[in-house]
Structures are given as structure tokens and as C-alpha cells.
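# Analysis of the macromolecular model
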Amino acid sequence: MLIRNVEIQGAGRVDVRVRAGRIAEIGDRLDGREEPDAVDGHSGALLPGLHDHHIHLAALAADTASVRVGPVDVTGRDGLATALRDGPPEEWVRAIGYHESVAGDLDRWVLDDLVPHRPVRVQHRTGALWVWNSAALRAAGLEAESGDGRFWREDERLRGHVPPVRLDLEGVGRRAAALGVTGFTNADPHPADGLLDLLSVLPQRLLVMTVDAPVKLMLDDATLSAPAELAVRIASLRPRPVAVHCVTRVQLLVTLLALDEAGPVDGDRVEHASVVPAETIPWLKQLGVTVVTQPHFPAERGHAYATDVAPDDRPHLYRCRSLAEAGVPLAAGTDAPYGTHDPWAVMRATVERAGGEALDAEAALNLFTGEPQHPARARRVMVGEVADLCLLHVPLREALDVLTADTVRAAFVAGARITAPE
């Protein structure tokens, strides 16, 4: 394949030839007699394809078969009731994105009052909690197991008790390709049996945590291990790297202590790093651990954070600039469907952040152009590199001014185009 007339950072306007899935040649006016169907880049920038370093693909693919009941979707108890009653025609209703700001805390009795006769299950916005009504519990044979219908981090067990959900993975892949996304890191802590076969329909390159390195470790404050116990668990997994879920101050501190004791290895990651006190930044740097964060969450969830997050923690939410300036390896993932699936929206949120944590546009773009196994290690459009590429309509400088998916012309994985032709 030949891509003509593209802008490559540091090389100006050139042609790029791809052979056997890798960039074989970069130069001015390359001979195209062997590639009669060359792509004309029209002076647009050619970038490494975007890689979403933290996403939940099966959950995202289930969106089309779900009812959205988050704060931006419904308001109040009556709005929630209407959304649940008017859900898809299937017997079960699967609702997602709920937050207490919609209609307060949920349990089976609240849901019974809203929808008494139809099985309903509602997922909290964090993805950690499901709430079922009595009809759902009876249908699944679980009525005796959960007095209040609330299940905390029990997805793995609950899978066998619910009807199959339609997964629109083809749509996920198609929409991501249109955004210039050529790779995903699936961040489920306990991937379902058969997940790799399901995900094989995606045109993007895949890294699946726990199946591939790194191993995903979930932490919850209520069941948090002592640092020494976590260190033993980490040591038992070596030489594989770990990706530790850290959404509170105490989870981060326990993780850093455990990594200190077990010894870090290349590829260790902290997922989310929701709360990073200033005094832990040198510690992160010393350990060499990569932070994979979600800098868009303060924008998407700012109203809820103002009431849900302790005042002492608010200045330390989803740091970017302070980590980057300290030399902490930094990358980003959308965490979709628990956040937007659009990396360009994440970049804009990163640039527009208040409180001294904003990055410039190029640094924000680089959060999504790192290597899958080493997210903060930049990929480049160079001879010999894998041809996972994102072609823009415009030069890089213009794209950085707007940071929108509208600038994406095409995406290529191993040199094969994965977007629909224009």
C-alpha cells in the first residue's frame, strides 16, 4: 500500500509505503507503479493510530441493548420510572449509568415500586454495583441470596443467571475506526470465557488484561488487603506486570507500598489514579509505574464530584500536568462505557482542565499514541514500525487546534484500511 502526500511530524510532506503490515519506506514522490490504488492524503497529517489504553469492550457493546439512566439521561424518580417502563421489548430491562443524583439510593424495593412486574437490573455508573428488582431475582432464582437486591462486584457470578445480551461489537469497531482508533486494551479484571472469540470480530488490535500482560488487580476499600498481603500477591505473578485499580487515596497508598515491597517490573500500571496526593508523585516516579488515567472524568462528573468526593481529595483528582512534569509515565483510556468512548473528547477535556492540571494539545494527543504494553512509550511513523495509522484531513497543527474526530480521514491496522471508504 502507498499513502501519498501526507504530513509526518519531523519529515514534512512525504509518501509512505507499507509492506507486510509495516512501514517499508518514507520519501518524496515514491514510485507508485506497484500500487495503482494509492491513497491520497491531501497534505493531511499521518499519525500513529490511537490506542484506547483502558476500555470495557463487552460492556460498551451491550449499550445498544440497554437503557441509559444516568444524570444526563433522566431526571428524578418519575423520569427513571418512565425510562425503565419504556425500555426495550425484551422481558428483561438492562439499565446502565445510574448515579444517586438521579433519584437517590436504589434497592430492590425502590425498583419494585417503579417497575413491579418486569425483571429489571440497574448498573451503577462505576460499573461496580448492580441493583435488581424482585421480579429479576425470582426469574434468576436468586431471591433468597440478596435481601436488598444489591450485588457489589459480582458480574462474574451473575453472568450465568441473566439472559444473553445482544453485543454490537461490529458497531463498536466501526465507530472506533471512524475516530482513528486502531487498538484497545480491554480492562476487565475477570474476562468472561470466550471473550477473545467475541472480540475477534473487531478490526482493531487488542490487548486483553489478565489474558495478556498485565494482570488486572481490583482493589476496594471495604475489602482492602494489607500492603504486605498485596505484595505477596504481586510477587506470585512475577515476572508479569500488574495493572492495579486505584480510585481512592488509600488504594493508591497500599499499592505503592506493595510495589515497593514486591519490587516493580517494566509494564506495571496504576489504573485511574483517581486521587493522587502530591506527596505520592515522587514515589510514583521512583517506582517507574505508568499511570493510565481518565482526565475527562472531572468534566463529565464534576457536579457529582462536588458532593461525593471529600474536600481534601478534590485538588488531587485525575492529575495530568503535575505527573507529566514530575516524569511519571502517563497515558489515558476512555473507560467506556463508564465514560465517553471518544478519545478526542478526552483530549479536549485534558486541554481545557482547570486547577493547573491541563496539558497542551500535543501532550493530550500523546496520551493515546503510546505502545499497548507500554502506554507512555511514544510510537512514531517510522520505517520498520507497525503500520497502525491514523490519517487526518488536515495538518497536525490544525488538528491540535480543534481536537475533534471530524479531522479523521481514515484508519489503518497493519496497513489495511479499517474505515469505510469516502
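Residues numbered from 1 in each chain as written. Predicted model: local features only at pLDDT ≥ 70, side-chain atom pairs only at ≥ 80, totals over all residues. Heavy atoms only, no water.

## So, the overall build of the protein chain
To be explicit about the condition: In DSSP terms, a helix is any run of H or I states spanning at least four residues, a strand is any run of E spanning at least two, and both are numbered starting from the N terminus. Taken over C-alpha atoms, the radius of gyration is set against a globule rule of 2.2 Å times the number of residues to the power 0.38. Categorising residues by exposure relies on relative accessible area from a 1.4 Å probe, with only protein chains included: less than 20% of the type maximum marks a residue as buried, more than 50% marks it as exposed, and the intermediate range marks it as partly exposed. Two residues qualify as a contact provided that any one of their heavy atoms is within 4.5 Å of a heavy atom in the partner residue. Areas reported as accessible are Shrake-Rupley estimates using a 1.4 Å probe. Residue values count occlusion only from the protein chains shown. Under this rule, positive means Lys or Arg and negative means Asp or Glu; His and the chain ends count for nothing. Note on charges: their place is set at NZ of Lys, CZ of Arg, CG of Asp or CD of Glu.
Broken down by element type, the protein chain carries 17 helices and 21 strands. A compact globule built from 422 residues would reach a C-alpha radius of gyration of about 22 Å, and the protein chain, at 23 Å, matches this within 12%. Oriented by its inertia axes, the alpha-carbon framework of the protein chain measures out at about 70 × 50 × 40 Å. The proportion of buried residues among the 422 residues of the protein chain is 55%. Across the protein chain, every contact between residues at least 6 apart in sequence was considered, and the portion connecting residues at least 24 apart equals 70%. Looking at the protein chain as shown, the accessible area adds up to about 18,000 Å², and 52% of this sits on carbon and sulfur atoms. If you average the places of the 43 positive and of the 60 negative side-chain charges in the protein chain, the two averages end up 2 Å apart.

## Examining the nonpolar core
Applicable threshold: Only buried Ala, Val, Leu, Ile, Met, Phe, Trp, Tyr and Cys residues count toward a nonpolar core, and they belong to the same one when joined by side-chain atoms within 4.5 Å.
With 64 residues, the main nonpolar core has Leu-284, Leu-323, Trp-344, Met-347, Leu-365 and Leu-392 as its most contacted residues. When residues no more than four places from it in sequence are discounted, the contact partners of Leu-392 are Gly-41, Gly-44, Ala-45, Leu-47, Trp-344, Ala-399, Thr-407, Val-408 and Arg-409. Val-74, Leu-84, Val-93 and Val-102 belong to the second-largest nonpolar core, a separate cluster that totals 20 residues.

## Some details on the sheet that holds strand β10 (residues 129-132)
Quick note on the threshold: For two strands to be treated as a pair, DSSP must find no fewer than two bridges joining them. Only C-alpha atoms enter the line fits that serve as axes; for helices the fit covers just the stretch in contact. Angles between N-to-C directions range over 0 to 180 degrees.
The strand order across the open sheet built from five strands is β7-β8-β9-β10-β11, with neighbouring strands paired in mixed fashion. Both edges of this open sheet fall to β7 (67-68) and β11 (150-152), since each of them pairs with a single strand only. As paired elements, strand β9 (residues 120-124) and β10 share three bridges and run antiparallel to each other. Its bridge partner being in β10, Val-122 is matched across the sheet by Val-131. The sheet strands contacting helix α2 (residues 76-85) are β7, β8 (93-98) and β9, and the helix crosses β8 at an angle near 145 degrees.

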